There are 2 protein chains.
Amino acid sequence: MAKGASTDECARPSLVVAALGAPVTFSRNSEIFGDDELAEHVYVVLSGVVRVCKLMGDGRRQIEAFCLPGDAFGWETGDRYRFSAEAVNECRVARVKRSVLFARAGSNPELACALWALSFAELQRAQDHLLLLGRKTAQERVGTFLLDLARRSAAATGASLTEVQLPMSRQDIADFLGLTIETVSRTLTCLEEQATISLPSSRRVLLRDRSALRRLDS
Amino acid sequence: MAKGASTDECARPSLVVAALGAPVTFSRNSEIFGDDELAEHVYVVLSGVVRVCKLMGDGRRQIEAFCLPGDAFGWETGDRYRFSAEAVNECRVARVKRSVLFARAGSNPELACALWALSFAELQRAQDHLLLLGRKTAQERVGTFLLDLARRSAAATGASLTEVQLPMSRQDIADFLGLTIETVSRTLTCLEEQATISLPSSRRVLLRDRSALRRLDS
DNA sequence: CGACAACTTGACCATTATCAAGCAAGGTGG
DNA sequence: CCACCTTGCTTGATAATGGTCAAGTTGTCG
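None of the values given here were measured: they were computed from a predicted structure. (Residues numbered from 1 in each chain as written. Chains lettered and ligands numbered in written order. Predicted model: local features only at pLDDT ≥ 70, side-chain atom pairs only at ≥ 80, totals over all residues. Heavy atoms only, no water.)

> Which parts of the structure should I look at to understand the protein's contact with DNA strand D?
Taken together, 17 residues lie around DNA strand D, and A:A138, A:T183, A:R186, B:S185 and B:T189 are the ones closest in. Protein-adjacent atoms of DNA strand D, using a 4 Å cutoff, are sugar or phosphate at a proportion of 65%. A distance of 2.7 Å separates a base oxygen of DNA strand D from a polar atom in the side chain of A:R186. Here B:T189 contributes a side-chain N or O atom positioned 2.6 Å from a phosphate oxygen of DNA strand D. Breaking the surface near DNA strand D down by element, the ones donating at least two residues are α6 (181–193) of chain A together with α6 (181–193) of chain B. Per element, the largest residue contribution to the surface near DNA strand D is four residues, and it comes from α6(B). For the surface near DNA strand D, a count of residues per class yields two nonpolar, eight polar and seven charged. (Near = heavy atom within 4 Å. Polar contact = N/O pair within 3.5 Å; in protein donor to acceptor, adjacent residues only side chain to side chain. Helix = DSSP H or I, 4+ residues; strand = E, 2+ residues; numbered from the N terminus. Nonpolar A, V, L, I, M, F, W, Y, C, P; charged D, E, K, R; others polar.)

> Explanation requested: the sheet that holds strand β7 (residues 84–87) of chain A in the structure shown.
Residue and element names in this part refer to chain A. Spatially, β2-β7-β4-β5 is the arrangement adopted by the four strands of the open sheet, whose pairing is antiparallel. Only two strands of the sheet have a single partner each, and these edge strands are β2 (31–33) and β5 (61–67). On average, adjacent strands in this sheet sit at an angle of 30 degrees to one another, irrespective of strand direction. Bridge count between strand β4 (residues 50–55) and β7: four bridges; the pairing is antiparallel. What sits directly across from R51, in β7, is E86. (Pairing = 2+ DSSP bridges. Axes fitted to C-alpha atoms, helices over the stretch in contact; angles between N-to-C directions.)

> I tried to follow the protein's contact with DNA strand C on my own but got confused; where do I start?
What surrounds DNA strand C is a group of 17 residues, the closest being A:R170, A:T189, A:R203, B:T183 and B:R186. Backbone atoms, meaning sugar and phosphate, form 65% of the atoms of DNA strand C found within 4 Å of the protein. Within the side chain of B:T180, a nitrogen or oxygen atom sits 3.2 Å from a phosphate oxygen of DNA strand C. Between a base oxygen of DNA strand C and a side-chain N or O atom of B:R186, the distance comes to 2.7 Å. The greatest single-element share of the surface near DNA strand C, amounting to four residues, is contributed by α6(A). Residues belonging to the surface near DNA strand C are distributed by class as follows: two nonpolar, eight polar and seven charged.

> Quick question: what am I supposed to make of the packing of aromatic side chains here?
How two aromatic rings sit relative to each other is given by the distance of their centres and the angle of their planes. Counting across every chain of the model gives 25 aromatic pairs over all chains. Here the aromatic rings of A:F66 and A:F145 are separated by 6.2 Å at their centres, their planes lie at 55 degrees, and the arrangement is tilted. Residue A:F66 is located in strand β5, and its partner A:F145 is located in helix α4 (residues 138–157); the two are separated by 79 residues in the primary sequence. What makes A:F66 buried here is its relative accessible area of 2%. A connected cluster of aromatic rings, assembled from ring pairs, spans A:W75, A:F102, A:W116, A:F120, B:W75, B:F102, B:W116 and B:F120. (Phe/Tyr/Trp six-rings, centres within 6.5 Å; stacked < 30°, edge-to-face > 60°. Buried < 20%, exposed > 50% of the residue type's maximum accessible area, 1.4 Å probe, protein only.)

> Would you explain the pairing of strand β11 (residues 204–207) of chain A in this entry?
Looking down a regular strand, the side chains alternate between one sheet face and the other. Residue and element names in this part refer to chain A. Burial along β11 is one-sided: the residues V205 and L207 are buried and none of R204 and L206 is. In this structure, strand β9 (residues 163–165) lies alongside β11, joined through three bridges in antiparallel fashion. Bridged to V164 within β11 is V205. Inspection of the sheet shows strand β10 (residues 197–201) paired to β11 by three bridges, in the antiparallel sense. In the strand pairing of β11, I197 is matched with L207.

> Sorry, what's going on with the packing of helix α2 (residues 98–107) of chain A against helix α3 (residues 109–135) of chain A here?
Relative placement of two packed helices is described by the angle separating their axes and the distance separating the axes. Residue and element names in this part refer to chain A. Where α2 meets α3, the axes come as close as 6 Å, and the angle between the chain directions of the two elements is 120 degrees. As far as their axial angle goes, α3 and α2 are oblique. Side by side, α2 and α3 meet where L101, F102, R104, A105 and S107 of the first sit next to P109, L111, A112 and L115 of the second. Residues of the contact of α2 with α3, tallied by class, amount to seven nonpolar, one polar and one charged. (Parallel < 35°, antiparallel > 145°, perpendicular 65-115°, else oblique. Contact = heavy atoms within 4.5 Å.)

> What should I look at first to understand a negative patch on the surface in this one?
On the surface, a cluster of negative charge is made up of A:E31, A:D35, A:D36 and A:E37. The residue A:D35 is located in the loop between β2 and β3 (41–47) in this model. (Patch = residues over 30% accessible without salt bridge, like charges linked within 9 Å, V, L, I, M, F, W, Y side chains within 5 Å. Areas by Shrake-Rupley, 256 points an atom, 1.4 Å probe, with all protein chains shown as cover. Salt bridge = Lys/Arg side-chain N within 4 Å of Asp/Glu carboxyl O. Lys, Arg positive; Asp, Glu negative; His and termini not counted. Charge placed at Lys NZ, Arg CZ, Asp CG, Glu CD.)

Encoded structure:
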């Protein structure tokens, strides 16, 4: 306990930011903000899961991130959002006015530090995701996804590390991993046949062989 | 000219940061820093091109970004780099001590603002790249790449918008676009046959039909 | 119980990867 | 100055991963 706060000079960055905003709830599949809308707010997930995505003219979709409790989304440099955000399931988010946030950050070093921490977390996730989309096989993508979701769910809500709830549909997973829904389904089946995971139901996954999964993770 | 500085409340963020560092030069293909090394510096490109990349155990490589003059790289939240950086060609970079940078940013709002601008620019490029890697075809990837490089080269060095110099090898392009070297080569040949581009030499590209390229860009 | 959405599975296909030559440009040493 | 080698690029033939199209199955909600 000696120097307990050493890892978080900016203790719980998401809380620092969320404290400045008002909680809002969104129902499954409802839009939190749309591509090209005026970017007036930054958001922090309180409960539930949010997907942040880009759409191409012909309907192809790339989900850039699933945001779990504690994650922030809606950062922009310009004055408009460059992607849309939707509730994957029923969820609560803290909505913080950008103007308020930046005004306060100027005079509040703890807040400024929290903003850094949150936006960098997003950058790092994006960078890891580039490697996945550019160079990993379907099996590696799914394996990485499951491990990551398990780790982050555990961190955010204290869920088990070996049992993952999938709040999102197969289509969402496919659009996140740069695959099709069929390939995601087949890959999960294949991992189950290899006894790497088991699927007690389509939205619950047990990680049976974590070392096999970690091997897929690279 | 009236309100000339409106777009850059933090005028030329890269210059503000670069001013704090010392210029260093690197020769073609030399390493600027390696994955997992202690992250003591942040860098700004002054001239030349830098590639920032991740490697997998079996040698697969993903280039996360090509950094042109004015771009910054080497941001980290933790104390170690999570990727490596190498000189694509002879290049000069400003090397800034992280400790100095962050100490000064605390008391210098212009600098703090410049840091935001630079790191967000990186985040946005990463996010656009996710869509490319996850959902675009080979032809779309190459088209997007050429347009982007032309635009950024023009912005950084005043180069022409219709003639692109490729400072990087086909292998670098492939590892950036999530393709193989052969597919990049074939795709360029194919675009030339369609009269969308021409290739006076392997490292020079003329953008003949920008609207066709923009259609590929989505 | 019926209807609908979400998921799985199968058969076939296409894009891109792999493997293997061949070619062009640039540098070096005789 | 030229033969030789190296490196980087292109092209071709073939293979494989993942995509597409089409049925089925499961599960949920009225």
